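In case you want the letters, here they are:
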Amino acid sequence: MTQDRRAGEDVPAVPARDTPAEPAGSVSESPESTPTAAPKGKLRLPLLLTIAGVLLALDLLTKVLAVANIDPQKPVRIIGDVVTLTLVRNPGAAFSMATAWTWVLTLVAVAVVIGVVRIGRKMRSLWWAIGLGMVLGGALGNLIDRFFRSPGPLRGHVVDFVSVGWWPVFNVADSAIVCGAILLVGLTLFGFEPDGTRATSNARNEDS
């Protein structure tokens, strides 16, 4: 057998591949340690407050006009007897419910306003901002009546003036609260979150 390398012959060294050095203090990331993507989109609090302000102004304006121009004893007919403008002083909640709990309803309305504003500070969903803006505007509209109309603070009667068929008499604030609440329930049922993300059925299964 022929000897490939003679004794004492230098064997060429194989150059080692350069391995990129990791920066000091760096930690390799694994799929489990990868952070979850942050919610995208801008904060929607300005939009929420704008919607609430517009609805509040509309509610106050219509109430002032109703008190000044509608005689409680003479309803104004819009569509026969089906749709009329009827001035009513309501001590209860929306659509004349819980009339014996005026001061409790006032405190509930204050809590709703505070809760909506706190949620809205971190909100990124357009539709949630619209829904909560409607609820906030309506709550503020009726809350102002509770504080500043007779018979006194926390016990003030809300001005209602829109009558449609058999439905209880209501106002702009009542409509805003109900429509906003329906929108929020729909968003929740379809998995739309206030932070702008959407919960999928798979995510719900993994959480359960």
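Overview of the structure. (Residues numbered from 1 in each chain as written. Predicted model: local features only at pLDDT ≥ 70, side-chain atom pairs only at ≥ 80, totals over all residues. Heavy atoms only, no water.)

**A closer look at the overall build of the protein**
Inference 1: The secondary structure content of the protein amounts to 5 helices and 3 strands.
Inference 2: Reading the helices (α) and strands (β) of the protein from amino to carboxyl end gives α-β-β-α-α-β-α-α.
Inference 3: Counting every position in the protein, which comprises 208 residues, the buried fraction comes to 29%.
Inference 4: Taking contacts inside the protein between residues at least 6 apart in sequence as the whole, the part at least 24 apart equals 67%. (Helix = DSSP H or I, 4+ residues; strand = E, 2+ residues; numbered from the N terminus. Buried < 20%, exposed > 50% of the residue type's maximum accessible area, 1.4 Å probe, protein only. Contact = heavy atoms within 4.5 Å.)

**Description of the pairing of strand E2 (residues 83-90)**
Inference 1: Taken together, the 3 bridges between strand E1 (residues 76-79) and E2 define a ladder with antiparallel strand orientation. Within the sheet, the bridge partner assigned to Arg77 lies in E2 and is Thr84.
Inference 2: A loop of 3 residues connects E1 with E2, the two strands running antiparallel in sequence, and Gly80 in this loop sits at a positive phi of about 55 degrees. (Pairing = 2+ DSSP bridges.)

**Remarks on the environment of Arg124**
Inference 1: Secondary-structure assignment places Arg124 in the loop between helix H2 (102-120) and helix H3 (126-148).
Inference 2: The partly exposed category is assigned to Arg124, whose relative accessible area is 28%.
Inference 3: Each C-alpha atom, one on Arg124 and one on Asp195, is 4.7 Å from the other, the two residues being 71 residues apart in sequence.

**Structural notes on the packing of helix H1 (residues 45-69) against H3**
Inference 1: Across the interface, H1 lies against H3 with an axial gap of 7 Å and an inter-helix angle of 35 degrees. Judged by the sense of rotation from one axis to the other, the crossing of H1 with H3 is right-handed.
Inference 2: Considering only residue class, the contact of H1 with H3 consists of 16 nonpolar, 4 polar and 3 charged. (Axes fitted to C-alpha atoms, helices over the stretch in contact; angles between N-to-C directions. Left-handed = near helix turned anticlockwise from the far one by under 90°. Nonpolar A, V, L, I, M, F, W, Y, C, P; charged D, E, K, R; others polar.)

**Looking at the packing of H3 against helix H4 (residues 172-189)**
What describes two packed helices is the angle between their axes and the distance between those same axes.
Inference 1: The interhelical angle for the contact between H3 and H4, taken along N-to-C directions, is 150 degrees, at an axis separation of 7 Å. The angle between H3 and H4 falls in the class roughly antiparallel. In this structure, H3 crosses over H4, and the sense of that crossing is left-handed. Along its contact with H3, which presents Trp127, Trp128, Ile130, Gly131, Leu132, Met134, Val135, Gly138, Ala139 and Asn142, the element H4 presents Ala173, Asp174, Ala176, Ile177, Cys179, Gly180, Ala181, Leu183, Leu184, Leu187 and Thr188.
Inference 2: Considering only residue class, the contact of H3 with H4 consists of 15 nonpolar, 5 polar and 1 charged. (Parallel < 35°, antiparallel > 145°, perpendicular 65-115°, else oblique.)

**Let's talk about unusual backbone geometry**
The bulk of non-glycine residues show a negative phi, and the bulk of peptide bonds are trans.
Inference 1: The step from Ser150 to Pro151 runs through a cis peptide bond, and the omega angle for that step is 10 degrees.
Inference 2: Here Pro151 lies in the loop between H3 and strand E3 (158-164).

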